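So you can see what is in the structure, the chains are spelled out below.
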Amino acid sequence: MDSALVVFSGGQDSTTCLFWAKQKFNRVVALSFTYGQKHAKEVEQAEIIAREAGIEWQCIDASFISNLASNSLTNSTMQMDTEKPAGSPPNTFVPGRNLFFLSIAAVVAREHGIKNIVTGVSQTDFSGYPDCRDEFIKSLNQTINLAMDYQFTIHTPLMWIDKCQTWEMADKLGVFNIIRTQTITCYNGVIGDGCGNCPACKLRKIGLDKYLKIRKI
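Calculation rules
- All residue numbers refer to position in the chain's written sequence, counted from 1.
- pLDDT decides what is reported in this predicted model: residues at 70 or higher carry local features, side-chain atom pairs at 80 or more are listed and counted, and totals for whole chains, interfaces and linings draw on all residues regardless.
- Side-chain measures here rest on the full set of heavy atoms in the structure, leaving out hydrogens and waters.
- Lines fitted to the C-alpha atoms define the axes, with helices restricted to the stretch that makes contact. Angles between their N-to-C directions range from 0 to 180 degrees.
- Only runs of H or I of at least four residues qualify as helices and only runs of E of at least two qualify as strands under DSSP, and these elements are numbered from the N terminus.
- These descriptions rest on fixed angle ranges, namely under 35 degrees for roughly parallel, over 145 for roughly antiparallel, 65 to 115 for roughly perpendicular, and the rest for oblique.
- Two helices that cross are described as forming a left-handed crossing if the nearer one is turned anticlockwise from the farther one by less than a right angle, and a right-handed crossing if clockwise.
- Contact between two residues is taken to exist if any of their heavy atoms lie within 4.5 Å; hydrogens are not considered.
- All residues other than Ala, Val, Leu, Ile, Met, Phe, Trp, Tyr, Cys, Pro, Asp, Glu, Lys and Arg, Gly among them, are scored as polar; the first ten of these are nonpolar and the last four charged.
- To form a nonpolar core, buried Ala, Val, Leu, Ile, Met, Phe, Trp, Tyr and Cys residues must be joined to one another through side-chain atoms within 4.5 Å.
- Think of it in three bands: residues with accessible area under 20% of the maximum for their type are buried, residues over 50% are exposed, and the middle band is partly exposed, with areas taken using a 1.4 Å probe on protein chains only.
- At least two bridges found by DSSP between two strands is the condition for calling them paired.
- A 3.5 Å cut-off defines polar contacts: any pair of N or O atoms within that distance qualifies, except that in protein one atom must be a possible hydrogen donor and the other a possible acceptor, and neighbouring residues in sequence count only when both atoms are side-chain atoms.
- Working definition: rings of Phe, Tyr and Trp (its six-membered ring) pair if their centres are within 6.5 Å, and the pair is stacked with planes under 30 degrees apart, edge-to-face with planes over 60 apart, and tilted otherwise.
- Any Lys NZ or Arg CZ that is within 6 Å of a ring centre and within 35 degrees of that ring's normal is treated as a charge sitting over the ring.

Chemist: Would you mind going over the packing of helix α5 (residues 163-172) against helix α7 (residues 199-214) with me for this structure?
Modeler: For any two helices packed against each other, one specifies the crossing angle of their axes together with the interaxial distance. Put simply, α5 and α7 touch, their axes get as near as 7 Å, and they point 60° apart. Between α5 and α7, the interaxial angle falls into the category oblique. Viewed along their axes, α5 and α7 form a crossing whose handedness is right-handed. Taking contact as the criterion, the partners of K163, C164, W167, E168 and D171 in α5 are, on α7, L203, R204, G207, L208, K210, Y211 and I214. Residue composition of the contact of α5 with α7, by class: six nonpolar, one polar and five charged.

Set out below in structure tokens:
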């Protein structure tokens, strides 16, 4: 396994995956997307992190996604859900986002001669987004292989671990401080520990607090 393409937002999960891939593969390409997200500053931070890590970085405009369906990450007039509504994903769910991102990533990877795609989705600690499930990833992997007659493998290093374990992975990779101070997980675009109020910040903090209690310094 020589090369990998990482779908890279600049947040905690994808940055952890970026350094996981850097350890596993000889060559890593990071691919970010702008899609009309209010927290687009994450993309600027993604470029900084990738460049400082010596990783090739590319950004693609996928702003068409924001025109397809209404959600609170791309619609500034919509109040963001703070809890998952019963029977449906929260309104922070961007329909089709991972479907589009991974499909586009596969095309870019093929052009680079890369067969390994890495994404930071997880169904252990997630917000009820259906496109973070292992079942979806396995299905899409098969579909893009058939669509392009190319044998991709989609890697999901975080699929079965929670946020506490994700912090632990970052620590073992030697990038705990980078993840804590340079990434943007916050839906309001606040770097590091974030705004503390949005769902992404709350989930991140719960995992961090849990890990700091058991961390061996």
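Chemist: I keep staring at the nonpolar core and nothing clicks. Help me out?
Modeler: Soluble globular proteins tend to pack their nonpolar side chains together in the buried interior. Judged by nonpolar contacts, the single largest core of 38 residues is most densely connected at L5, V7, I117, I144 and F152. When contributions to this core are tallied by element, the ones reaching two or more residues are β1 (3-7), β2 (27-34), α3 (97-111), α4 (134-148) and α7. The leading source of residues in this core is α3, at six residues. Leave out the neighbours within four places in its chain, and V7 touches S14, L31, F33, F101, L102, A105, I117 and V118. With 31 residues, the next largest nonpolar core counts A4, V28, A46 and C164 among its residues.

Chemist: Just to check I follow, could you spell out the packing of α3 against α4 for this structure?
Modeler: Viewed as axis vectors pointing N to C, α3 and α4 meet at an angle of 40°, and their least axial separation amounts to 11 Å. Classified by the interaxial angle, the pair formed by α3 and α4 is oblique. Of the two elements, α3 crosses α4, and the hand of that crossing is right-handed. Note on element contacts: α4 touches α3 through F136, I137, L140, I144 and M148, opposite N98, L99, L102, S103, A106, V107 and R110. Considering only residue class, the contact of α3 with α4 consists of nine nonpolar, two polar and one charged.

Chemist: Honestly, the pairing of β1 in this entry has me stumped. Any pointers?
Modeler: If a strand is regular, its side chains alternate between the two faces of the sheet. β1 sits mainly inside the fold: five of its five residues count as buried. Both faces of β1 are covered, namely the face carrying S3, L5 and V7 and the face carrying A4 and V6. Pairing of β1 with β2 involves five bridges; the strand directions are parallel. Across the sheet, residue V6 finds its bridge partner in β2, namely A30. Pairing between β1 and strand β4 (residues 116-118): two bridges, direction parallel. Bridge pairing in β4 places L5 opposite I117.

Chemist: Please clarify how the side chain of T92 should be interpreted in this entry.
Modeler: Looking at the element boundaries, T92 is found in the loop between β3 (56-61) and α3. At a separation of 2.6 Å, a polar atom in the side chain of T92 contacts the side chain of Y129. Ignoring sequence-local partners within four residues, the contact set of T92 consists of S72, L73, M80, Y129 and Y187.

Chemist: What am I meant to see in the packing of aromatic side chains here?
Modeler: Both the distance between ring centres and the angle between the ring planes are used here to describe each pair of aromatic rings. Enumeration over the complete set of coordinates arrives at eight aromatic pairs. With centroids separated by 4.2 Å and ring planes inclined at 5°, the aromatic side chains of F33 and F101 adopt a geometry described as stacked. One end of the pair, F33, is in strand β2; the other, F101, is in helix α3, with 68 residues separating them in the sequence. For the pair shown, F33 and F101 are each scored as buried. With 4.8 Å between their ring centres and 55° between their planes, Y150 and F152 make a pair best called tilted. Both residues of the pair, Y150 and F152, belong to the buried class. Three or more aromatic residues joined by ring pairs make a cluster, and in this case those are F33, Y35 and F101. The ring of Y150 has K115 lying over it, and the distance from NZ or CZ to the ring centre is 5.3 Å. The cationic tip of R215 hangs over the ring face of F176; the distance from NZ or CZ to the ring centre is 4.1 Å.

Fair warning: the whole summary comes from geometry, so function is off the table for now.
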